[in-house]
Amino acid sequence: MTFHDFNLDEKLIEGLQSMGFNTPTPIQEQAIPIVLEGKDLIACAQTGTGKTAAYLLPILNKIIHAEKRHLNTLIIAPTRELAQQIDQQIEGIGYFIGVSSISVYGGGDGATWDQQRKALEEGADIIIATPGRLIALLATGKIVLDHLEHLVLDEADRMLDMGFYDDIVKIINYLPKERQTVLFSAT
């Protein structure tokens, strides 16, 4: 099996190949078709098996074929490090297809807060956020997620272990009821 078997956009496949990815992993073979169909998904696979690409590739494919571009996807991650890692993967692939992303996480100074707030207000295709910082930005009332199409909970098991259940529920209340929800776990 190759990435061509999923009928992904050719530019997306070229980007993958330029990064050295030619063959999907088992989690990608199983998850990509389901996400492309717009179905909700709960998936579990070990660390290092390609879970991030398993949800990113079909979502990126949908974004580049969308008639109108807007804030399309929210990815919630438990840590700043994971949010940055996911953002770097999007930037790597997004370079070839013109998809934008912003990672939103706590720490830093007031300039970081302002940069994140401004990026959210002006728009990006994908937001990767830790729960606490996203809630703080949503509380300003200037961030609108009304047109969001995808919610991804990455390392959902870890977020629950860290006590983020109430924060996740609070964030979900800001989202449209009609959306695709994808949950990935390592355990």
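Computed from a predicted structure; not experimentally measured.

Counted according to the given criterion, the structure contains three salt bridges. Measuring nitrogen to oxygen at the nearest pair gives 2.9 Å for the salt bridge that ties Lys39 to Glu37. Under the relative-accessibility criterion, Lys39 is labelled partly exposed at 46%.

All right, on to the packing of aromatic side chains then. Summed over all chains, the structure comprises three aromatic pairs. Summarising the aromatic geometry, the rings of Tyr55 and Phe184 are spaced 5.4 Å apart at their centres and angled 55° between planes, so their arrangement reads as tilted. With Tyr55 in helix H3 (residues 51–64) and Phe184 in strand E6 (residues 180–185), this pair connects stretches of sequence that are 129 residues apart. Among the residues examined, Tyr55 registers a relative accessible area of 0% and is labelled buried. On the numbers, 5.3 Å between centres and 90° between planes, the contact of Tyr95 with Phe96 is edge-to-face. Residue Phe96 is classed as partly exposed on the basis of its relative accessible area of 33%.

Right, let's get into the packing of helix H1 (residues 10–18) against helix H4 (residues 80–97). Between H1 and H4, whose axes approach to 8 Å, the crossing angle comes to 135°. The pairing of H1 with H4 is recorded here as oblique in orientation. Note on packing geometry: the crossing formed by H1 with H4 is right-handed. On H4, the residues that touch Lys11, Leu12, Gly15, Leu16 and Ser18 of H1 are Ile93, Phe96 and Ile97. A class-by-class count of the residues in the contact of H1 with H4 yields five nonpolar, two polar and one charged.

On to helix H2 (residues 26–36), then. Considered for burial, the residues of H2 that qualify are Ile27, Gln28, Ala31, Ile32 and Val35. Angular distribution of buried residues about the axis of H2 spans 110°; they occupy a single face of the element. In H2, those exposed residues whose orientation departs by more than 90 degrees from the buried face are Pro26 and Gln30. In this structure, the buried side of H2 is in contact with strand E1 (41–44), H3 and E6.

Once that is clear, we can look at a nonpolar patch on the surface. On the surface, Met19, Phe21, Tyr95 and Phe96 cluster together into a nonpolar patch covering about 450 Å² of accessible area. Take Met19: it is sitting in the loop between H1 and H2. Looking at Met19, the relative accessible area reads 36%, which means it is partly exposed.

Glancing now at the sheet that holds strand E2 (residues 73–76). Where strands meet in a sheet, backbone hydrogen bonds hold them as pairs that are either parallel or antiparallel. The six strands are arranged E1-E6-E5-E2-E4-E3 in an open sheet whose pairing can be described as parallel. At either margin of the open sheet sits one strand with a lone partner, and together these are E1 and strand E3 (101–104). Put simply, the sheet's adjacent strands are angled 15° from each other on average, direction ignored. Relative to E6, E1 runs parallel, the two being bridged by four bridges. Counted as the bridge partner of Leu41 is Val182 from E6. In this fold helix H6 (residues 131–138) packs onto E2, E3 and strand E4 (126–129), with an angle of close to 105° to the strand it touches most, E3.

Criteria and thresholds
- Residues numbered from 1 in each chain as written.
- Predicted model: local features only at pLDDT ≥ 70, side-chain atom pairs only at ≥ 80, totals over all residues.
- Heavy atoms only, no water.
- Salt bridge = Lys/Arg side-chain N within 4 Å of Asp/Glu carboxyl O.
- Buried < 20%, exposed > 50% of the residue type's maximum accessible area, 1.4 Å probe, protein only.
- Phe/Tyr/Trp six-rings, centres within 6.5 Å; stacked < 30°, edge-to-face > 60°.
- Helix = DSSP H or I, 4+ residues; strand = E, 2+ residues; numbered from the N terminus.
- Axes fitted to C-alpha atoms, helices over the stretch in contact; angles between N-to-C directions.
- Parallel < 35°, antiparallel > 145°, perpendicular 65-115°, else oblique.
- Left-handed = near helix turned anticlockwise from the far one by under 90°.
- Contact = heavy atoms within 4.5 Å.
- Nonpolar A, V, L, I, M, F, W, Y, C, P; charged D, E, K, R; others polar.
- Arc of directions from axis to C-beta.
- Patch = residues over 30% accessible without salt bridge, like charges linked within 9 Å, V, L, I, M, F, W, Y side chains within 5 Å.
- Areas by Shrake-Rupley, 256 points an atom, 1.4 Å probe, with all protein chains shown as cover.
- Pairing = 2+ DSSP bridges.

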